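This is what each chain is made of:
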Amino acid sequence: MGYANDSTVVEVATYDPEKFATVSLNVQASGKNRYILLLTDNSGKTLQELKDVGTGKYRFNYVTPGDIRLRIIEDKNGDGKWNAGDVIAGLQPERAEAYFNERGEDLFTTKMNWDFEINIDMNKVFVPLTMENLVKMLDDKEESRLQKLYEEWQKKQQSGKGKE
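Below is a summary of the structure that appears in this document. Not measured: the values here are computed from a predicted model.

1. Description of the environment of R103
Examined against the element boundaries, R103 turns out to sit in the loop between β6 (96–98) and β7 (108–110). In the structure, R103 is positioned 51 residues away from D52 in sequence and 28 Å away in space, judged by C-alpha atoms.

2. Here we look at the layout of surface pockets
Of the volumes computed, that of the largest pocket is approximately 1,000 Å³. Together, 29 residues line the largest pocket, and F100, N101, E102, G104 and D140 are the ones closest to its centre. Listed by contribution, the elements that provide at least two residues to the lining of the largest pocket are β6, β8 (115–121), α1 (122–125) and α2 (131–162). Top element by residues in the lining of the largest pocket is α2. It accounts for 11 residues. By residue class, the composition of the lining of the largest pocket is nine nonpolar, seven polar and 13 charged.

3. Here's the deal with the packing of aromatic side chains
Taken as a whole and assessed by the stated rule, the structure comprises five aromatic pairs. Judged by centre distance (6.0 Å) and plane angle (35°), the rings of Y99 and F108 are tilted. Residues Y99 and F108 agree in their burial class; the two are buried. The rings of Y99, F108 and F116 are connected pair by pair, giving a single aromatic cluster.

4. Here's the deal with the nonpolar core
In summary, soluble globular proteins display a tendency toward joint burial of nonpolar side chains. Ranked by internal contacts, the top residues of the largest apolar core, which has 23 residues, are L25, L37, F60, L70, I72, I120 and M122. Broken down by secondary-structure element, the contributors of at least two residues to this core are β1 (21–28), β2 (35–41), β3 (46–53), β4 (56–63), β5 (66–74), β8 and α1. If you tally residues by element for this core, the top one is β1, at four residues.

5. Brief notes about the pattern of salt bridges
Pairs may arise between side chains of opposite charge once their charged atoms sit close together. Counted by the stated rule, this structure contains six salt bridges. A salt bridge links K51 to E49; the nearest nitrogen and oxygen atoms lie 3.6 Å apart. Across the salt bridge formed by D106 and R69, the nearest N and O atoms sit 3.1 Å from each other. On the criterion of sequence distance, the pair formed by D106 in the loop between β6 and β7 and R69 in strand β5 is long-range, its members being 37 residues apart. Classification of D106 as partly exposed rests on a relative accessible area of 21%.

Cut-offs and rules
- Residues numbered from 1 in each chain as written.
- Predicted model: local features only at pLDDT ≥ 70, side-chain atom pairs only at ≥ 80, totals over all residues.
- Heavy atoms only, no water.
- Helix = DSSP H or I, 4+ residues; strand = E, 2+ residues; numbered from the N terminus.
- 1 Å grid on protein atoms, 1.4 Å probe; cavity = no way out; pocket = protein on both sides within 12 Å on 5 of 7 lines; lining within 4 Å.
- Points joined across faces, edges and corners; volume = space filled by probe spheres on them.
- Nonpolar A, V, L, I, M, F, W, Y, C, P; charged D, E, K, R; others polar.
- Phe/Tyr/Trp six-rings, centres within 6.5 Å; stacked < 30°, edge-to-face > 60°.
- Buried < 20%, exposed > 50% of the residue type's maximum accessible area, 1.4 Å probe, protein only.
- Core = buried A, V, L, I, M, F, W, Y, C linked by side-chain atoms within 4.5 Å.
- Salt bridge = Lys/Arg side-chain N within 4 Å of Asp/Glu carboxyl O.

Here is the structure:
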């Protein structure tokens, strides 16, 4: 036909996996309960989100190195978003909780090219809200806070002895 095609050059930028972390989650849930997992930075800004989570293994890929937190929403109606409830219909809001590990820590640090693993038992995260459970949770957080302060104080004492 007398027409010629010209070549086209396209540059594609990709992420270098070695410059990011991977967060692996081992989730234990009871029954058919579904959850939404939110990976947030230190300020609470959502970095990544996983919906329709039940018992199983999940991953957050390409996590920027730094401090992260994990928030969990109990998705009672399975619509993939947090619902604030309805006063007229008498519906409570869906529960949203921060994940704390066995030592009471909720802030985790990731580094480049690291695989970070978290085991989550949803039965421990979403214990029924009773006055006893609430008091125990607050006591545990205070004990963890005091333990951290004590460890920092000990480090200061140790560093002070080395200078003498």
